[in-house]
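Observations on the model geometry
Below are the chains, spelled out letter by letter.
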Amino acid sequence: MTDKPLLIVGEDLCQKLVGRAEAFDAVQDVFAALARGDAYNFPVIREAIGYADALYGFKSGFDRAGQVLGVKSGGYWPGNMEKGLTNHQSTVFLFDPDTGRLSALVGGNYLTAVRTAASSAVSIAHLARKDAKVLGMVGAGHQSAFQLRAAAEQRDFDKVVAWNPHPEMLPRLGAVATELGLNFEAVTQEELGAQADVIITITSAFEPLLMKDWIKPGTHLACMGTDTKGKQEVDAALVAHATVFTDEVAQSISLGEAQHAVADGRLTEDQITPIGAVINRDHPGRRSDKEITLFDGTGVGLQDLAVASVAAKLADEAGLAERAVL
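Residues numbered from 1 in each chain as written. Predicted model: local features only at pLDDT ≥ 70, side-chain atom pairs only at ≥ 80, totals over all residues. Heavy atoms only, no water.

Let us now look at the overall build of the chain. The secondary structure content of the chain amounts to 11 helices and 18 strands. What you see for the chain is a C-alpha radius of gyration of 19 Å, in line with the 20 Å of a compact globule of 326 residues. Expressed along its principal axes, the backbone C-alpha trace of the chain runs to roughly 65 × 40 × 40 Å. Contacts in the chain between residues far apart in sequence, at least 24 positions, make up 70% of those at least 6 positions apart. Working note: accessible area of the chain is about 14,300 Å², and carbon and sulfur atoms make up 53% of it. Charge separation in the chain, taken as the distance between the mean sites of 29 positive and 42 negative side-chain charges, equals 3 Å. (Helix = DSSP H or I, 4+ residues; strand = E, 2+ residues; numbered from the N terminus. Rg over C-alpha atoms; globule rule 2.2 N^0.38 Å. Contact = heavy atoms within 4.5 Å. Areas by Shrake-Rupley, 256 points an atom, 1.4 Å probe, with all protein chains shown as cover. Lys, Arg positive; Asp, Glu negative; His and termini not counted. Charge placed at Lys NZ, Arg CZ, Asp CG, Glu CD.)

Moving on to the environment of Thr293. Residue position: Thr293 is located in strand β17 (residues 293-296). Those residues in contact with Thr293, other than ones at most four positions away along the chain, are Leu127, Thr219, His220, Leu221, Ala242, Thr243, Phe245 and Arg286. Of the polar contacts made by the side chain of Thr293, one reaches the side chain of His220; its length is 2.8 Å. (Polar contact = N/O pair within 3.5 Å; in protein donor to acceptor, adjacent residues only side chain to side chain.)

Looking now at the nonpolar core. Of all hydrophobic cores here, the largest spans 66 residues; its most connected members are Phe31, Leu94, Val106, Leu111 and Leu135. Apart from residues no more than four positions distant in its own chain, Phe31 is found in contact with Ser119, Val122, Asp247, Ile275, Gly276, Ile279, Phe295, Val300 and Gln303. Val138, Ile199, Leu238 and Ala261 belong to the second-largest nonpolar core, a separate cluster that totals 27 residues. (Core = buried A, V, L, I, M, F, W, Y, C linked by side-chain atoms within 4.5 Å. Buried < 20%, exposed > 50% of the residue type's maximum accessible area, 1.4 Å probe, protein only.)

Right, let's talk about the packing of aromatic side chains for a bit. One pair of aromatic rings is described through two measures. These are the centre distance and the angle between the planes. Taken as a whole, this structure holds six aromatic pairs when the rule is applied. Each ring, one from Phe31 and one from Phe295, has its centre 6.3 Å from the other, and the planes form 55°; the classification is tilted. Residue Phe31 is found in helix α2 (residues 20-36), and its partner Phe295 is found in strand β17; the two are separated by 264 residues along the sequence. Assigned by exposure class, Phe31 and Phe295 land together as buried. (Phe/Tyr/Trp six-rings, centres within 6.5 Å; stacked < 30°, edge-to-face > 60°.)

The next point concerns the sheet that holds strand β8 (residues 134-138). As summarised here, the arrangement of the eight strands in space is β10-β9-β8-β11-β13-β17-β15-β16, forming an open sheet in which the pairing is parallel. Looking at the sheet topology across the chains shown, the edges are occupied by β10 (183-186) and β16 (272-274). Pairwise comparison of adjacent strand axes, ignoring direction, gives a mean angle of 20° for this sheet. Pairing analysis gives four bridges linking strand β11 (residues 198-201) to strand β13 (residues 220-223), with the strands arranged parallel. Each bridged residue has a counterpart across the sheet, and for Ile199 the counterpart in β13 is Leu221. (Pairing = 2+ DSSP bridges. Axes fitted to C-alpha atoms, helices over the stretch in contact; angles between N-to-C directions.)

Following the criterion strictly, the structure yields 16 salt bridges and no others. A salt bridge links Lys133 to Asp156, with the nearest nitrogen and oxygen atoms 3.2 Å apart. Residue Lys133 is located in the loop between α3 (109-127) and β8, and its partner Asp156 is located in the loop between α4 (142-152) and β9 (159-163); the two are separated by 23 residues in the primary sequence. Residue Lys133 is classed as partly exposed on the basis of its relative accessible area, which comes to 33%. Note that Asp213 and Lys212 form a salt bridge whose closest N and O atoms lie 3.9 Å from each other. Take Asp213: its relative accessible area is 70%, and that puts it in the exposed class. With a relative accessible area of 29%, Lys212 lands in the partly exposed category. The network of salt bridges with common partners includes Arg129, Asp131, Asp197 and Lys216. (Salt bridge = Lys/Arg side-chain N within 4 Å of Asp/Glu carboxyl O.)

The next subject is the packing of α3 against helix α11 (residues 301-317). At a minimum axis separation of 9 Å, α3 and α11 run at an interaxial angle of 120°. Classified by chirality, the crossing of α11 by α3 is right-handed. The segment α3 lies against α11, with Leu111, Thr112, Arg115 and Ser119 engaging Gln303, Asp304, Val307, Ala308 and Ala311. Across the contact of α3 with α11, the residue classes break down as four nonpolar, three polar and two charged. (Left-handed = near helix turned anticlockwise from the far one by under 90°. Nonpolar A, V, L, I, M, F, W, Y, C, P; charged D, E, K, R; others polar.)

Bringing α4 into the picture now. Residues of α4 that are buried: Gln143, Ser144, Gln147, Leu148, Ala150 and Ala151. Looking at the buried residues of α4, the elements they touch are α2, α3, β8, β9, α5 (170-179) and β11.

Another point: the pairing of β17. Residues of β17 alternate between two faces, with Thr293 and Phe295 on one and Leu294 and Asp296 on the opposite face, all of them buried. Relative to β17, β13 runs parallel, the two sharing four bridges. Following the sheet pairing, Leu221 is matched in β17 by Leu294. Two elements, strand β15 (residues 243-246) and β17, share four bridges in a ladder whose sense is parallel. Residue pairing for β17: Thr246 is matched across the bridge by Asp296.

Where α2 meets α11, the closest approach of the two axes is 9 Å, and the angle between their N-to-C directions is 135°. Taken together, the axes of α2 and α11 lie oblique to each other. For the crossing formed where α2 meets α11, the hand is right-handed. On the side of α2, the interface is formed by Glu22, Ala23, Ala26, Val27, Val30, Phe31 and Leu34, while α11 contributes Leu302, Gln303, Ala306, Val307 and Val310. For the contact of α2 with α11, the class distribution of residues is 10 nonpolar, one polar and one charged. (Parallel < 35°, antiparallel > 145°, perpendicular 65-115°, else oblique.)

Read these as layout, nothing more, since geometry by itself doesn't imply function.
Below you can see the structure in the form of structure tokens.
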């Protein structure tokens, strides 16, 4: 048997081939596979390296249904923006599940952004009220524009309200809203909670930015920034008060937004539902228009592998991938 060449799919090609629709479908499918037991993540390794204030680690897993095996290697370098680079840097390694042979190297920076946005978009599609009109954005960094664009496709929003700890960054997010035909308003955190029907948090905070009493009934929250022990974006009392869904329960309780409510006994592991159970129609999801739902998006490795696999497949089919022989 002749060995297949190793595919190399760079960042530019990923951006050309994998759009929001492709990412949404890939992420939704892998969440469904996780809930069925057809896919599983391996334990996450994430450590401060003691240099450049960087966090570095590995996320990996196997999707038996999609025949995707691999690992994402990368992390967070907080000084990169000053160098003209994105703070998140990563690469995905895909392996042939039949042989263990390395089959593709795929740039992970753009795919991390688009899969994270797809994750919150999947939660909005399945959990937000159908009549949601106001989208709240907490955070205005690099990832926020991806989040806004993906969310805007899930409901007929007419307004975006936003808050960021560095308000000078908000005009850039406002420009995206204007491009999408949405009104935009910079508000306080309390005002955001009072107006928004859907809220996306996408920060690197280590303290709550939204409190329980600020959130109105019927709101759906997608908490996307907490992916490390100690991080926190919303009040633990809010998490305990909401109906909580997540990408993977094990990560939610250990390093996700639910970690704090679980640690202080306000929330138990069996009160958290995998979003895949809603996708598979094994759970009804939202039960009323007054229910507060919360998606704890911890960022599972299988999301990265799913979108990287799509990029590799499309690049191979189009004859655009670089090829190498090991």
